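# Architecture at a glance
Each chain, written out:
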Amino acid sequence: MCAADRPLPLLVVADAGARLVRRGLVAPGDAARWHGARVAVFRRGPVVCELPAARVDAPSRAPYLPRDSQPARAHPVCHPGARRFAPRMTLALYNTLTRRVEPFQPLAPPRVTLYTCGPTVWNYAHLGNFRTFLFEDLLRRYLEASGYDVFHIMNLTDVDDRTIKAARAAGTTLRRHTEPFVRAFFEDRDYLRLRPAHVHPRATESVPAMIVLVRRLLDRGVAYQGDDGSVYFAIDRFPGYGRLSRLDRREIKVGARVASDEYAKEDPRDFALWKKAGPDDDAVGAAWDAPFGRGRPGWHLECSAMSLYEIGTRFGVETLDIHAGGVDLIFPHHEDEIAQSEAATGRPFARWWLHGEFLNVRGTKMSKRFGNFLAARDLREQGVDAAALRLLFWQTHYRKPLDFTDEALAAAGEGVRRLGEFHARLAGAAGEGGRGEGRLAELAAEFEAAFRAALDDDLNAPQACAALFQLAHAGNRALDAGAGGAAAAVAALDRAMAVLDVLPTPRTAEPDLARWIEAQVAARERARKSKDFKEADRIRGALLARGVELEDTPTGTKWRVV
């Protein structure tokens, strides 16, 4: 398409520098090179950035900003002197802040700073919590698979109203009460194959950073010390309050205060940044000295302080690329995080806000409050393969509620088994050599295109799973027909598994059992050679009763524990 054929732009910005800085897309220090730049935005296709003549060849970290929510089409640009900046990938994510699916572009590619709200370790994390953690794992894995250098921060909330209350009821210290639940979370994380965050800051170990943040807010006049000795954030002094949750500012109760960490939804009041120490706080070791009085941090303050400290000390920035969590955290937690962070820094706190929906049980949100929660360790003790739970969660989009049932989990387990068998067949065919090209290679290329297109579209894991099972169905038929290209197909499948990770957990046999199995397999082979098929079938049945499956191949009988 030539310039004459291109439709008229929806928007032309004559001087892009100031606007890009305001939107948090370019750092203030980089804005000078954009002074006088002309940006044209089209309904579909690339953003066209025409730099001043003296800067056309200058290096730039210019953002890619297509208006349409779908991945941009690659149209040739015929405008004299224009440059087009292609994205590293075409990933588009739903931003809760704007309520739109937007092409993703980090502040300083290829680096991506990702903060995810971790567990409150007063009890075991339940599957509803882990649905959120798993969607965040999918996000991180796909970013990394797409070439981004992700720095992942996940906090551990080990001091808040609930942890203090639980420690007090148990008659122990905060540290002693929370430590077993911290260990349990890491065990559950590893069971469910979540990639560990690069840092897991604990709230109790980050109090100095929290005191510094409160001091900044007091100095800026957006926080004040109440007559009860606690420090509060004055939300009427932060004009942007309510942007994330789309709160009607007319509902704000000016001057009213709430000290509780969790308060009524849609009931905005000045919230506690620093709570004056009470008898329970001192009793469990949850009180610290500060210039504004002995006390402890409010829950909302903790995440802001920990994330700003990590990205500030490591990268010298005060804006996250992505902040993620569950939908129940949008208000008040994330709304308050935005207020206190941006009031302190004067910069956007996070450029993308991603939120996962609830996990329901018979239509009701899974919650300790409702008494319908199931812990990850419960499934582990029942022998449920983590791959089955991962596949179950991927089959519903992260922004849609998921109803957990035993039947759905069993169906996912069956799907995992089929994928494992297909992967084993592909690996076996690839190991036998043969043609490097063929129908399987063609199927693999089609699969990878569909897989990436699905995940580029706001992490559409259900469509990615559909493409995966289509590959398994067509690939098994191609294997039956002796098609070539198995090496390419198994490589494509392995790349997809680096993101979804839904192959069965390998099971191994104890040495004594392995020797018995080998002896039984040899006896069955002798029975088959002597045409004693009744005895061969008996041996197969005996093996199956011990959880051992057999597969007769041209190279011999193979066995595996299931």
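The rules behind each value
Residues numbered from 1 in each chain as written. Predicted model: local features only at pLDDT ≥ 70, side-chain atom pairs only at ≥ 80, totals over all residues. Heavy atoms only, no water. Helix = DSSP H or I, 4+ residues; strand = E, 2+ residues; numbered from the N terminus. Buried < 20%, exposed > 50% of the residue type's maximum accessible area, 1.4 Å probe, protein only. Contact = heavy atoms within 4.5 Å. Areas by Shrake-Rupley, 256 points an atom, 1.4 Å probe, with all protein chains shown as cover. Axes fitted to C-alpha atoms, helices over the stretch in contact; angles between N-to-C directions. Parallel < 35°, antiparallel > 145°, perpendicular 65-115°, else oblique. Left-handed = near helix turned anticlockwise from the far one by under 90°. Nonpolar A, V, L, I, M, F, W, Y, C, P; charged D, E, K, R; others polar. Phe/Tyr/Trp six-rings, centres within 6.5 Å; stacked < 30°, edge-to-face > 60°. Lys NZ or Arg CZ within 6 Å of the ring centre and 35° of its normal. pLDDT = per-residue confidence, 0-100. Expected span 1.5 Å × (residues − 1). Arc of directions from axis to C-beta. Pairing = 2+ DSSP bridges. Right-handed = clockwise from strand over helix to strand, strands pointing away. Salt bridge = Lys/Arg side-chain N within 4 Å of Asp/Glu carboxyl O.

## Digging into the overall build of the chain
Helices and strands together make up the secondary structure of the chain, namely 16 helices and 19 strands. The burial tally for the chain puts 52% of its 562 residues in the buried class. Partitioning the contacts of the chain with sequence separation of at least 6, the portion at a separation of at least 24 is 73%. Per element, the accessible surface of the chain, about 25300 Å² overall, is 51% carbon and sulfur.

## Remarks on the packing of helix α11 (residues 406–431) against helix α14 (residues 486–500)
Running from N to C, α11 and α14 point in directions that differ by 140°, and their axes come no closer than 8 Å. The orientation of α11 with respect to α14, classified from their angle, is oblique. In the crossing of α11 with α14, the sense of the turn from one axis to the other is left-handed. Along its contact with α11, which presents Phe422, His423, Leu426, Ala427, Ala429 and Ala430, the element α14 presents Ala486, Ala487, Ala489, Val490, Leu493 and Asp494.

## Structural notes on the packing of helix α5 (residues 207–219) against helix α7 (residues 299–315)
It is the contact of α5 with α7, at a shortest axis distance of 9 Å, that shows an interaxial angle of 105°. When the interaxial angle is binned, α5 and α7 end up roughly perpendicular. Judged by residue contacts, Ala209, Met210, Leu213 and Val214 of α5 engage Leu301, Glu302, Ser304, Ala305, Met306 and Tyr309 from α7. In terms of residue class, the contact of α5 with α7 is built from eight nonpolar, one polar and one charged.

## Brief notes about unusual backbone geometry
Residue proline 110 is bonded to the preceding proline 109 through a cis peptide linkage, with omega at 10°. Inspection of the secondary structure puts proline 110 in the loop between β5 (100–103) and β6 (111–116). Between phenylalanine 331 and the following residue, proline 332, the backbone shows a cis peptide bond with an omega angle of 5°. With respect to the secondary-structure elements, proline 332 resides in helix α8 (residues 330–345). Here the phi dihedral of lysine 531 falls at roughly 60°; this positive angle occurs in a residue that is not glycine. Here lysine 531 lies in the loop between α15 (511–529) and α16 (533–545).

## Some points on the packing of aromatic side chains
Two aromatic rings are characterised by how far apart their centres lie and by the angle between their planes. Evaluation of the coordinates by the stated rule reveals 15 aromatic pairs. Arranged with centres 5.1 Å apart and planes meeting at 70°, the rings of phenylalanine 104 and tryptophan 352 form a pair that is edge-to-face. Placement of phenylalanine 104 in the loop between β5 and β6 and of tryptophan 352 in strand β14 (residues 350–356) is noted, with a sequence separation of 248 residues between them. The exposure class assigned to tryptophan 352 is buried, which follows from its relative accessible area of 4%. Look at phenylalanine 185 and phenylalanine 186: their rings are 5.7 Å apart centre to centre, the planes differ by 50°, and that puts the pair in the tilted class. Ring pairs connect the aromatic residues Phe130, Phe133, Phe185 and Phe186, which therefore count as one cluster. Sitting over the face of the ring of phenylalanine 315, arginine 111 holds its NZ or CZ atom 4.5 Å from the ring centroid. Above the ring of tryptophan 516, the side-chain terminus of arginine 546 is found at 4.7 Å from the ring centroid.

## Considering the confidence of the model for the chain
As a general rule, the predicted coordinates of low-pLDDT regions are not to be interpreted in detail. Overall, the predicted model of the chain reaches an average pLDDT of 85, with 81% of residues at or above 70. Segment residues 1–10 is flagged for pLDDT under 50; beyond a separation of four residues in sequence, or across chains, it makes 21 contacts in the model. Note on residues 42–88: pLDDT is under 50 here. Beyond four places in sequence and across chains, it has 108 contacts.

## Quick word on α15
For α15, spanning 19 residues, the distance from its first C-alpha to its last is 27 Å, which sits close to the expected 27 Å at 1.5 Å a residue. Here α15 has its buried residues at Leu513, Ala514, Ile517, Gln520, Val521, Arg524 and Ala527. Projected down its long axis, α15 carries its buried residues within an arc of 145°, all on one side. Turned more than 90 degrees from where α15 packs its buried face, Pro511, Asp512, Arg515, Arg526 and Lys529 sit exposed. Turning to α15, the residues buried within the fold contact α16, β18 (548–553) and β19 (556–561). Looking one or two places after α15, you find lysine 531, whose phi comes out positive at around 60°.

## Here we look at the pairing of strand β13 (residues 320–326)
Summarising burial for β13: seven of the seven residues are buried, a large majority. Sheet analysis places β6 next to β13, joined by three bridges and oriented parallel. Bridge assignment links leucine 114 to a residue of β13, and that residue is isoleucine 322. What joins β13 to β14 is α8, and the crossover it makes is right-handed.

## Topic: the pairing of β6
Walk down a regular strand and you will see the side chains alternate between the two sheet faces. Across the six residues that make up β6, a large majority, six, are buried. With burial as the criterion, each face of β6 is covered, one bearing Arg111, Thr113 and Tyr115 and the other bearing Val112, Leu114 and Thr116. After leaving β6, the chain enters helix α2 (residues 127–145) and then returns to the sheet as strand β7 (residues 149–154), a path that is right-handed.

## Some points on the pattern of salt bridges
Under the defined criterion, the tally for this structure stands at 42 salt bridges. Note that arginine 202 and glutamate 179 form a salt bridge whose closest N and O atoms lie 2.8 Å from each other. On the criterion of sequence distance, the pair formed by arginine 202 in the loop between α4 (174–191) and α5 and glutamate 179 in helix α4 is long-range, its members being 23 residues apart. Ionic pairing is found between arginine 528 and aspartate 552, a salt bridge with its closest N-O pair at 3.2 Å. Placement of the pair is arginine 528 in helix α15 and aspartate 552 in strand β18, with a sequence separation of 24 residues. Where salt bridges share partners, they join Asp137, Arg141, Arg193, Asp385, Arg390 and Asp501 into one cluster.

## Concerning the sheet that holds β14
Reading across from one edge, β7-β6-β13-β14 is the order of the four strands in this open sheet, with parallel pairing throughout. On the outer flanks of this sheet lie β7 and β14, each paired with one strand and no other. Averaged over all neighbouring strand pairs, the angle between strand axes comes to 20°, with direction disregarded. The sheet contact formed by β13 and β14 spans six bridges and is parallel. Residue pairing across strands places glycine 326 opposite glycine 356, the latter belonging to β14.

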